[in-house]
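Residues per chain, in single letters:
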Amino acid sequence: MFEEANKIAESIPESERSATQVPIPSGYHVLLALPKADEKFDSGIIKSDSTRHQEEIGTVVGFVLEVGSDAYKDERFKSAWCTKGDFVLVGGFKGTRFR
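Given the structure is predicted, the values throughout are model-derived calculations rather than measurements. (Residues numbered from 1 in each chain as written. Predicted model: local features only at pLDDT ≥ 70, side-chain atom pairs only at ≥ 80, totals over all residues. Heavy atoms only, no water.)

S.K.: What should I look at first to understand unusual backbone geometry in this one?
M.R.: Most peptide bonds adopt trans geometry, and most residues besides glycine take a negative phi value. For Tyr 72, which is not a glycine, the phi torsion comes out positive at approximately 65°. A residue is classified by how much of its surface remains accessible, and Tyr 72, at 21% relative accessible area, is partly exposed. (Buried < 20%, exposed > 50% of the residue type's maximum accessible area, 1.4 Å probe, protein only.)

S.K.: Just to check I follow, could you spell out the sheet that holds strand β1 (residues 30-33) for this structure?
M.R.: Within a sheet, adjacent strands bond to each other through the backbone by hydrogen bonds, running parallel or antiparallel. What the 3 strands build is an open sheet, ordered β1-β2-β3; its pairing is antiparallel. Taken across any chain shown, the strands that pair with only one partner, and hence form the sheet edges, are β1 and β3 (87-89). Ignoring strand direction, the axes of neighbouring strands in this sheet form an average angle of 50°. Summarising the sheet, β1 and strand β2 (residues 61-67) pair through 4 bridges and their orientation is antiparallel. Bridging across to β2, Leu 31 finds its partner in Glu 66. (Pairing = 2+ DSSP bridges. Helix = DSSP H or I, 4+ residues; strand = E, 2+ residues; numbered from the N terminus. Axes fitted to C-alpha atoms, helices over the stretch in contact; angles between N-to-C directions.)

S.K.: Even after reading the chapter, I still don't get the pattern of salt bridges, so can you show me in this structure?
M.R.: Opposite charge on two side chains permits pairing when their charged atoms draw close. Summed over the entire model, instances satisfying the criterion amount to 5 salt bridges. We note a salt bridge from Arg 52 to Glu 39, for which the minimum N-O separation is 2.8 Å. Taken together, the positions of Arg 52 in helix α2 (residues 49-57) and Glu 39 in the loop between β1 and α2 put the pair 13 residues apart, joining distant regions of the chain. With a relative accessible area of 18%, Arg 52 lands in the buried category. Where Arg 76 meets Asp 74, a salt bridge forms, and the shortest distance between an N and an O atom there is 3.5 Å. Residue Arg 76 is classed as exposed on the basis of its relative accessible area of 65%. It is possible to trace a salt-bridge network through shared partners that takes in Glu 39, Asp 49 and Arg 52. (Salt bridge = Lys/Arg side-chain N within 4 Å of Asp/Glu carboxyl O.)

Next comes the structure, spelled out in structure tokens:
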């Protein structure tokens, strides 16, 4: 079953594998968009796929797309720490990522 799904996924060009719709976060979750890594170094040398991947998953800056309905509703929060449209700092290599 998984082999067939992998074959189908591999037949789709990587440029078309990105999500066409983003999920709406529920509960206390916050949905962030992460920046894509540059294709080249400043010197003009092209980065390998693994280097770009490491830069993308290791980023510490995110853009808030949506905030769940229960985020920051707890009494320990006097106000929301972030809102839709803010840039936030996050721990590198943290969270759940999808394309």
